[in-house]
Amino acid sequence: LQCVYGTDGDMHTPATYLSKTAIQCRTPPTNMSGSCTATAVEVTYRGLKTRNHILQRRPPPVRIFRVEPDRGFFQYGQAVTLMGLGFLDVPDLAAVVIASGHTVAIPRQNVTYVSATEIHMWQPRTAMPLPQPSYVQVTLDGQVYSQTLAPYSIVGSPTGLVLAGGRS
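Residues numbered from 1 in each chain as written. Predicted model: local features only at pLDDT ≥ 70, side-chain atom pairs only at ≥ 80, totals over all residues. Heavy atoms only, no water.

> Explain a nonpolar patch on the surface to me, please; I cannot follow it from the model alone.
A grouping of Leu-1, Tyr-17, Ile-23 and Tyr-45 is seen on the molecular surface, where their side chains present a nonpolar patch of about 390 Å² in accessible area. With respect to the helices and strands, Leu-1 occurs in the segment before strand E1 (2-5). Among the residues examined, Leu-1 registers a relative accessible area of 37% and is labelled partly exposed. (Patch = residues over 30% accessible without salt bridge, like charges linked within 9 Å, V, L, I, M, F, W, Y side chains within 5 Å. Areas by Shrake-Rupley, 256 points an atom, 1.4 Å probe, with all protein chains shown as cover. Salt bridge = Lys/Arg side-chain N within 4 Å of Asp/Glu carboxyl O. Helix = DSSP H or I, 4+ residues; strand = E, 2+ residues; numbered from the N terminus. Buried < 20%, exposed > 50% of the residue type's maximum accessible area, 1.4 Å probe, protein only.)

> I tried to follow the pattern of salt bridges on my own but got confused; where do I start?
Two side chains that carry opposite charge are able to pair once their charged atoms sit near each other. Counted by the stated rule, this structure contains 3 salt bridges. The partner of Arg-66 in a salt bridge is Glu-68, and the shortest N-O contact between them spans 2.7 Å. Since its relative accessible area comes to 44%, Arg-66 is described here as partly exposed. Here Asp-70 and Arg-71 are joined by a salt bridge, their closest N and O atoms 3.3 Å apart. Residue Asp-70 is classed as partly exposed on the basis of its relative accessible area, which comes to 38%. Taking the relative accessible area as the measure of exposure, Arg-71 reaches 45% and is therefore partly exposed.

> Would you mind going over the sheet that holds strand E7 (residues 63-68) with me for this structure?
Adjacent strands of a sheet form backbone hydrogen bonds with each other and so pair up, either parallel or antiparallel. Sheet architecture is open: 4 strands sit in the order E7-E9-E13-E12, paired in antiparallel fashion. At either margin of the open sheet sits one strand with a lone partner, and together these are E7 and strand E12 (111-115). Geometrically, the sheet is characterised by an average inter-axis angle of 25 degrees between neighbouring strands, direction not taken into account. Pairing geometry for strand E9 (residues 78-85) and strand E13 (residues 118-123), over 6 bridges, is antiparallel. (Pairing = 2+ DSSP bridges. Axes fitted to C-alpha atoms, helices over the stretch in contact; angles between N-to-C directions.)

> For this particular structure, what's the right way to read the pairing of strand E10 (residues 94-99)?
Looking along a regular strand, one sees the side chains alternate between the two faces of the sheet. Of all 6 residues in E10, 5 are buried; the element is thus mostly enclosed. Strand direction decides the pairing type here: E10 and strand E14 (residues 134-139), joined by 6 bridges, are antiparallel. Its bridge partner being in E14, Ile-98 is matched across the sheet by Tyr-135. Pairing analysis gives 5 bridges linking E10 to strand E11 (residues 102-106), with the strands arranged antiparallel. By the bridge assignment for E11, Ala-99 is matched with His-102. If you look at the hairpin formed by E10 and E11, you'll find 2 residues sitting between the two strands, and Gly-101 has a positive phi there, around 80 degrees.

> Just to check I follow, could you spell out the environment of Thr-103 for this structure?
Looking at where Thr-103 falls in the secondary structure, it is placed in strand E11. Sequence separation between Thr-103 and Val-136 is 33 residues, and the spatial gap between their C-alpha atoms is 9.8 Å. If we skip the residues at most four places from it in the chain, Thr-103 touches Val-96, Val-97 and Ile-98. (Contact = heavy atoms within 4.5 Å.)

Fair warning: the whole summary comes from geometry, so function is off the table for now.
In structure tokens, the structure reads:
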């Protein structure tokens, strides 16, 4: 059981049988740059192939314009608000913080959909601060991530400074 994408049927992905009337297809990876063209989706099973000419339209990747706060400490979890365009309340909504050689996954249970322009995420504790620069990205399908580089830092321990002395 497979899903077949494209007018030439050149992309095959596994399909999961859900019931007599439903299967679940995993969309193939794609290099989208905001394109919203439709792709034909068919199903093959034991050498048979549908010819329904069903078109699937993948939404363009989300865009993140603002991150509040723009940093969090590595030894504490923190609530973070992301503002942008194109957020959807879908099962695979997730986020990731990336830096050179490091990835901090933020799964669906730690991402809350608020509206098409706002989501909340919980930045988990990490073993260490991330190198700079670092960015947060969002995915709607677990495969294609937002292409905007929204700065978000996971930094070292909070420190304070106490000044002693009189007035001059």
